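Architecture and fold: a report
As a plain string of letters, each chain reads:
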Protein chains: 2
Amino acid sequence: MAKNFVENIADMEADFPQWYTDVVTKTELVDYGPVKGTMVIRPYGYEIWENIQNYLNKEFKKEGVKNAYFPMFIPESFLKREAEHVEGFAPEVAVVTYAGGKELDEKLVVRPTSETIICEMYSKWINSYRDLPVKMNQWCNIVRWEKTTRPFLRTSEFLWQEGHTVYSTAEGAKEDALRMLDVYRRLGEECLAIPFFTGKKTESEKFPGALETYTIEAMMHDGKSLQSGTSHNLGQNFAKAFNIKFLNKEGVLEYGYSSSWGVSTRLIGALIMVHGDNRGLVLPPRVAPIQVVIVPIGGENEQVLLATKELEEKFSEGGVRVYTDRTENSPGWKFNQWEMKGVPIRIEVGPRDLAMGQVTVFRRDELTKQQVRLEGAAEFATNLLDEIHTNMFEKAKKFRDERIERANSVEEILKVVDDKKFARVDICEDENCCLKVKEKTTATSRMIEEENISGKNCAVCGKKATRTVLFARSY
Amino acid sequence: MAKNFVENIADMEADFPQWYTDVVTKTELVDYGPVKGTMVIRPYGYEIWENIQNYLNKEFKKEGVKNAYFPMFIPESFLKREAEHVEGFAPEVAVVTYAGGKELDEKLVVRPTSETIICEMYSKWINSYRDLPVKMNQWCNIVRWEKTTRPFLRTSEFLWQEGHTVYSTAEGAKEDALRMLDVYRRLGEECLAIPFFTGKKTESEKFPGALETYTIEAMMHDGKSLQSGTSHNLGQNFAKAFNIKFLNKEGVLEYGYSSSWGVSTRLIGALIMVHGDNRGLVLPPRVAPIQVVIVPIGGENEQVLLATKELEEKFSEGGVRVYTDRTENSPGWKFNQWEMKGVPIRIEVGPRDLAMGQVTVFRRDELTKQQVRLEGAAEFATNLLDEIHTNMFEKAKKFRDERIERANSVEEILKVVDDKKFARVDICEDENCCLKVKEKTTATSRMIEEENISGKNCAVCGKKATRTVLFARSY
């Protein structure tokens with residue numbers, strides 16, 4: 001039955017990259033833009049992003065973060081003020097050299113991230129400890145010119161939010177970075193049904209200019225890791241580069257301490273590759289643009305019309321995102337279509353079921369059908385959305401937990417990642433050991449799981465291990 | 001009492017441009033970005049924009065419009081496909097010439113508007129009359145390199161929404177343009193408390209590439225007009241340039257008919273200049289970031305603490321945006337501060353009032369105070385918000401209606417606009433007559449109020465007048 005569509009989507013076990021491309025384009029989440037490396041986020045994809053925005057805006061508000069908007073064009077000189085920062089971003093920036101018909105005196109970089117311009121403004125606004133903490137966030141587009149691109153995962157332009165804070169103490173900034181990391185972890189748990197690994201990046205993987213970078217990492221279906229968001233403790237690095245000073249309580253001028261944190265449309269890529277299957281998308285209910293699709297069968301039947309309308313109204317009243325497919329296509333075609341598009345619940349309203357006072361409820365996550373009394377069907381499905389969410393999260397967690405393996409040498413790491421798993425590795429303080437793993441296995445240190453371990457030896461050099469690190473191949 | 005602040009804001013009657021600059025910066029709506037002509041929208045300004053977005057997103061949804069996101073970079077060649085379009089926008093575009101460390105093969109224009117790139121995508125997606133109408137909107141940043149800039153009114157980069165549709169008939173596109181114009185008119189009436197003039201632009205003022213441009217125009221405090229949004233019937237112009245074809249019901253390939261419409265952060269400039277006074281901002285309640293500010297007087301008094309908390313909770317429960325100023329500043333300072341920031345209602349909670357079971361309610365629009373029973377104060381203030389909204393709208397309407405005058409010659413038009421008013425002018429079909437008015441008076445034709453008039457003579461050339469046009473100086 002599902003053949004028509006499945007034939008158009010590559011087998012995920014045989015060719016995962018092609019499966020991904022098929023899924024994102026055929027479900028109309030996204031299309032390729034006319035400029036190489038750019039993407040168009042189509043309504044079905046954009047609404048997922050809006051649902052993520054709604055969740056985060058509420059969380060940000062609880063944290064006292066205020067939304068604002070800073071200019072996209074950054075004077076080239078700004079980027080150069082923080083040495084590591086410019087080194088990290090200069091190779092991938094897009095540059096405006098003329099505007100308004102004239103060559104510009106100073107070239108303008110299209111923001112690859114906004115620490116520099118926001119810190120410049122903060123230095124104007126912040127004077128006293130009374131002004132702190134300052135916590136702002138912006139939702140905007142970002143440009144990083146990448147060589148290999150893939151929709152959502154890595155594109156020349158993408159959408160994100162970036163939060164930027166300044167605190168009066170080092171602890172303030174560090175705690176903020178950790179607290180926002182936890183907001184992202186909860187976004188995964190409560191919204192995307194993704195169990196993120198959370199932890200600190202090792203030196204070679206941290207944000208250019210940060211003291212410490214924390215990350216949320218997710219395991220994709222192919223055993224690769226996707227860095228899905230980061231939170232940085234910037235210490236005084238940017239405050240010094242941009243002269244953010246405040247009078248402390250003792251009346252002494254001091255540099256501020258800052259943090260920044262962001263997640264992007266890449267999260268959509270994450271949920272596709274965590275939950276999807278060979279029929280296409282499986283969308284987590286809390287971000288699905290359509291949570292329940294109703295398919296009336298024998299649409300001219302008066303009972304069917306009535307029952308459909310009644311269900312629709314109940315869902316709408318309950319705040320459930322419902323859509324009724326009244327197109328001329330056959331029921332079978334519709335079933336395939338909405339399964340491919342990953343709608344969590346389908347309700348089939350047909351005369352035979354109705355004669356027995358029932359409708360058929362299909363859940364996308366388990367591909368199971370059951371008959372439910374029409375009377376309580378809306379309530380049943382609404383509750384089922386939560387059950388589906390939990391089931392998807394647990395499934396993803398089980399999948400992930402079964403695919404982490406200890407590895408005690410470079411050879412073992414290679415074996416584990418070749419086996420499409422994450423390697424849990426005790427390793428020493430020397431970042432070169434992480435880089436050696438990368439060189440030999442193409443797996444990178446994703447994050448530090450535990451610090452200050454003792455009694456273990458480094459899997460690479462054999463010296464004293466000080467930390468446990470997850471290694472994986474990654475997007 | 002209000003002296004402290006008022007001294008920092010120029011007198012609006014004496015120097016309106018300086019008043020505007022003082023108001024937008026000192027109330028922290030906005031700041032100047034480091035690149036000339038750019039602005040930073042600070043949280044107090046951005047929240048107004050978010051409230052406008054919330055209103056419009058709901059209206060767009062009712063119209064069946066879906067949000068999406070299209071790339072910001074447009075190949076230079078796209079802009080050239082529609083002849084009028086490129087002529088209109090080429091002089092003010094910003095251009096990316098290198099990216100990722102390399103000179104680009106084709107220069108990329110940063111979108112000055114997105115008809116071209118969206119129509120390019122539509123041509124891929126639209127095949128049959130069954131696909132129509134297509135209606136999408138995006139919220140994004142726009143770049144137009146302007147010589148003279150002013151925060152919100154005209155900046156190199158600004159935020160807006162742009163809706164783009166394709167219909168299968170000419171009437172469909174035209175009706176859409178008119179319907180969205182009405183959405184904007186209602187945004188003014190229901191949200192911004194601004195009575196917009198709505199009508200069609202004359203030929204010389206229409207959007208480059210449009211068949212017809214409709215506009216919402218608002219009269220500012222200085223008698224100038226601010227074009228606050230536009231809606232375009234694009235006919236088949238862009239469909240032909242970008243090859244948007246569909247199979248009609250008869251199985252014949254036909255070009256689509258399109259419309260586009262947008263409003264921007266300029267609306268914030270409009271509401272400042274329509275409602276503001278010599279104390280600063282007067283914000284319409286429905287978009288005000290803070291609708292009610294509570295100022296506790298004698299903050300240690302237990303009764304004051306209690307009453308404040310109770311009020312706060314009632315407002316929050318009722319969905320009113322409330323803020324309690326618990327800073328160490330004096331009550332007088334706070335009063336000035338929040339008056340300058342335009343908060344619609346201030347509630348003063350002091351021991352003397354409380355002893356009589358009451359609080360003092362101040363309304364910003366009328367600068368009046370009254371005592372209200374504590375018990376019903378939250379309900380009273382909540383209802384007052386609606387009353388303030390209506391009052392602000394009526395006041396603005398009265399102001400506007402008193403400043404429209406008939407003018408029957410170029411000399412009279414000059415006199416009327418010099419008098420800080422709009423001139424209502426019968427004029428002939430020849431656009432040169434409009435341009436002659438502009439040349440002699442610096443006032444432009446803002447919009448056509450009435451078409452197909454008869455029995456009147458053109459105020460410029462004396463020939464048969466066919467339409468009544470509003471003329472005004474403008475931003």
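Everything quoted here is computed from the prediction, not taken from an experiment.

About the thresholds
- Residues numbered from 1 in each chain as written.
- Chains lettered and ligands numbered in written order.
- Predicted model: local features only at pLDDT ≥ 70, side-chain atom pairs only at ≥ 80, totals over all residues.
- Heavy atoms only, no water.
- Domains from an automatic or database assignment.
- Salt bridge = Lys/Arg side-chain N within 4 Å of Asp/Glu carboxyl O.
- Helix = DSSP H or I, 4+ residues; strand = E, 2+ residues; numbered from the N terminus.
- pLDDT = per-residue confidence, 0-100.
- Core = buried A, V, L, I, M, F, W, Y, C linked by side-chain atoms within 4.5 Å.
- Buried < 20%, exposed > 50% of the residue type's maximum accessible area, 1.4 Å probe, protein only.
- Contact = heavy atoms within 4.5 Å.
- Pairing = 2+ DSSP bridges.
- Axes fitted to C-alpha atoms, helices over the stretch in contact; angles between N-to-C directions.
- Buried area = accessible area lost by both parts, 1.4 Å probe.
- Polar contact = N/O pair within 3.5 Å; in protein donor to acceptor, adjacent residues only side chain to side chain.
- Nonpolar A, V, L, I, M, F, W, Y, C, P; charged D, E, K, R; others polar.
- Least-squares fit on C-alpha atoms with pLDDT ≥ 70 in both.
- Phe/Tyr/Trp six-rings, centres within 6.5 Å; stacked < 30°, edge-to-face > 60°.
- Lys NZ or Arg CZ within 6 Å of the ring centre and 35° of its normal.
- Disulfide = S-S within 2.5 Å.
- Parallel < 35°, antiparallel > 145°, perpendicular 65-115°, else oblique.

Turning our attention to the domain arrangement of chain A. Parsing chain A into structural domains produces domain 1 (3–275), domain 2 (292–384) and domain 3 (404–472). Between domain 2 of chain A and domain 3 of chain A, the C-alpha centre-to-centre distance is 50 Å.

The next thing to look at is the pattern of salt bridges. Note that side chains of opposite charge can pair when their charged atoms are close. Applying the stated criterion to the full structure yields 80 salt bridges over all chains. Note that Arg81 of chain B is salt-bridged to Glu120 of chain B, the shortest N-O span being 3.4 Å. Here the residue Arg81 of chain B occupies a position in the loop between helix 4 (76–79) and helix 5 (83–89), and Glu120 of chain B occupies one in helix 6 (residues 115–125), the gap between them amounting to 39 residues. One network of salt bridges, in which partners are shared, links Glu59, Lys62, Asp182, Arg185, Arg186 and Glu189 of chain A.

The next point concerns the confidence of the model for chain A. With 98% of its residues at a pLDDT of 70 or more, chain A has an overall mean of 96. Reported for the predicted complex are a pTM of 0.97 and an ipTM of 0.96.

This part covers the nonpolar core. Ile272 of chain A together with Ile272 of chain B are the most contacted members of the largest nonpolar core, which totals 150 residues. In this structure Ile272 of chain B touches Trp19, Tyr20, Val23, Val24, Leu29, Phe152 and Leu281 of chain B, once residues within four positions along its chain are discounted.

Residue and element names in this part refer to chain A. Here five strands make up an open sheet; going across it, the order is 16-15-17-18-19 and the pairing mixed. Edge positions in the open sheet fall to strand 16 (322–324) and strand 19 (368–373), since each of these has one partner strand only. Taking each pair of neighbouring strands and ignoring which way they run, the sheet shows an average axis angle of 25°. In this structure, strand 15 (residues 292–296) lies alongside strand 16, joined through three bridges in parallel fashion. Across the sheet, residue Val293 finds its bridge partner in strand 16, namely Tyr323. Across the face of the sheet, helix 10 (residues 302–317) comes into contact with strand 15, strand 16 and strand 17 (345–349) while running at roughly 170° to strand 15.

Every contact between the two is made by 51 residues of chain B and, on the other side, 50 residues of chain A. Across the chain B to chain A interface the summed buried area is about 4,300 Å²; carbon plus sulfur atoms make up 64%. Taken together, the links from chain B to chain A amount to two salt bridges. The salt bridge involving Lys124 of chain B is made with Asp31 of chain A; its shortest N-O contact spans 3.3 Å. At the boundary of chain B with chain A, the tally comes to 22 residue pairs in polar contact (both at pLDDT 80 or more). Sorting elements by how many residues they give to the side of chain B that touches chain A places strand 5 (residues 94–99) of chain B first, with six residues. Its residues assigned to classes, the side of chain B that touches chain A comprises 33 nonpolar, seven polar and eleven charged. One ladder, built from five bridges, connects strand 5 (residues 94–99) of chain A with strand 5 of chain B; its direction is antiparallel.

Rotating chain B by 180° and translating it 0.0 Å along the rotation axis places it on chain A, where the RMSD comes to 0.0 Å. What the rotation and shift describe, once combined, is the action of a two-fold rotation axis. Minimal C-alpha separation from the rotation axis in chain B is found for Val96 of chain B, amounting to 2.1 Å.

Right, let's talk about the packing of aromatic side chains for a bit. Counted according to the given criterion, the structure contains 24 aromatic pairs over all chains. Where Phe16 of chain A meets Trp19 of chain A, the ring centres are 5.1 Å apart and the plane angle is 15°; that geometry is what we call stacked. Residue Phe16 of chain A and its partner Trp19 of chain A are located together in helix 2 (residues 16–26), separated by three residues, close to a single helical turn. By relative accessible area, which is 6% here, Phe16 of chain A ends up buried. The ring of Tyr44 of chain A has Lys341 of chain A sitting right over it, with the charged end atom 4.3 Å from the ring centre. Note that Lys224 of chain B overlies the ring of Tyr475 of chain B, its terminal NZ or CZ placed 4.8 Å from the centroid.

All names here are of chain B. Strand order in the open sheet made by the five strands is 16-15-17-18-19, with mixed pairing throughout. Lying at the two open borders of the sheet, with one neighbouring strand each, are strand 16 (322–324) and strand 19 (368–373). For this sheet the average axis-to-axis angle between neighbouring strands, irrespective of direction, equals 25°. Two strands pair when backbone bridges link them, and strand 18 (residues 358–363) and strand 19 are joined in this way by six bridges, in the antiparallel orientation. Bridging from a neighbouring strand, Thr360 pairs with Gln371 of strand 19. Most of the contacts of helix 10 (residues 302–317) go to strand 15 (residues 292–296), to which it runs at about 170°, and overall it touches strand 15, strand 16, strand 17 (345–349) and strand 18. Against the sheet, helix 13 (residues 377–401) contacts strand 17, strand 18 and strand 19, and its axis sits at roughly 15° relative to strand 18.

A few words now on the environment of Ser128 of chain B. All names here are of chain B. Within the secondary structure, Ser128 sits in the loop between helix 6 and strand 7 (134–143). Residue classification places Ser128 among the buried residues on the basis of a relative accessible area of 16%. Each C-alpha atom of the pair Ser128 and Asp176 lies 19 Å from the other, and the pair is 48 residues apart in sequence. A polar contact of 2.8 Å, which involves the side chain of Ser128, links it to the backbone nitrogen of Arg130.

Structurally, a disulfide amounts to a covalent bond that connects the sulfur atoms of two cysteines. All names here are of chain B. The final tally for this structure, using the stated rule, is zero disulfides over all chains. Cysteine Cys434 remains unbridged, with the sulfur of Cys433 as its closest cysteine sulfur at 7.3 Å. The class for Cys434 is buried, based on a relative accessible area of 2%.

Let's shift gears to the side chain of Thr38 of chain A. Here Thr38 of chain A shows up in the loop between strand 1 (30–32) and strand 2 (39–41). Owing to a relative accessible area of 3%, Thr38 of chain A belongs among the buried residues under this scheme. If sequence neighbours within four positions are ignored, Thr38 of chain A has contacts with Asp31, Tyr32, Gly33 and Ser156 of chain A together with Pro71 of chain B.

This part is about the packing of helix 3 (residues 43–62) of chain A against helix 9 (residues 266–275) of chain A. Residues and elements named next belong to chain A. For the pair helix 3 and helix 9, interaxial distance at closest approach is 10 Å and the crossing angle is 105°. The orientation of helix 3 relative to helix 9 falls into the category roughly perpendicular. Contact residues: Gly45, Ile48, Trp49 and Ile52 in helix 3; Leu267, Ile268 and Leu271 in helix 9. Of the residues in the contact of helix 3 with helix 9, the class split is six nonpolar, one polar and no charged.

All names here are of chain A. With respect to the helices and strands, Asn237 occurs in helix 8 (residues 237–242). Sequence separation between Asn237 and Ser156 is 81 residues, and the spatial gap between their C-alpha atoms is 27 Å. Here Asn237 is in contact with Glu82, Gly209, Ala210 and Leu211, once residues within four sequence places are set aside. A distance of 2.9 Å separates the side chain of Asn237 from the backbone oxygen of Gly209, its partner in a polar contact.

Turning to unusual backbone geometry, a few remarks are in order. All names here are of chain A. Cis geometry marks the peptide bond from Leu132 to Pro133; its omega dihedral reads -5°. The topology assignment puts Pro133 in the loop between helix 6 (115–125) and strand 7 (134–143). A positive phi angle is found at Phe152, which is not glycine, with a value near 70°. By the secondary structure assignment, Phe152 is in the loop between strand 7 and strand 8 (157–167). Residue Phe152 is classed as buried on the basis of its relative accessible area, which comes to 2%.

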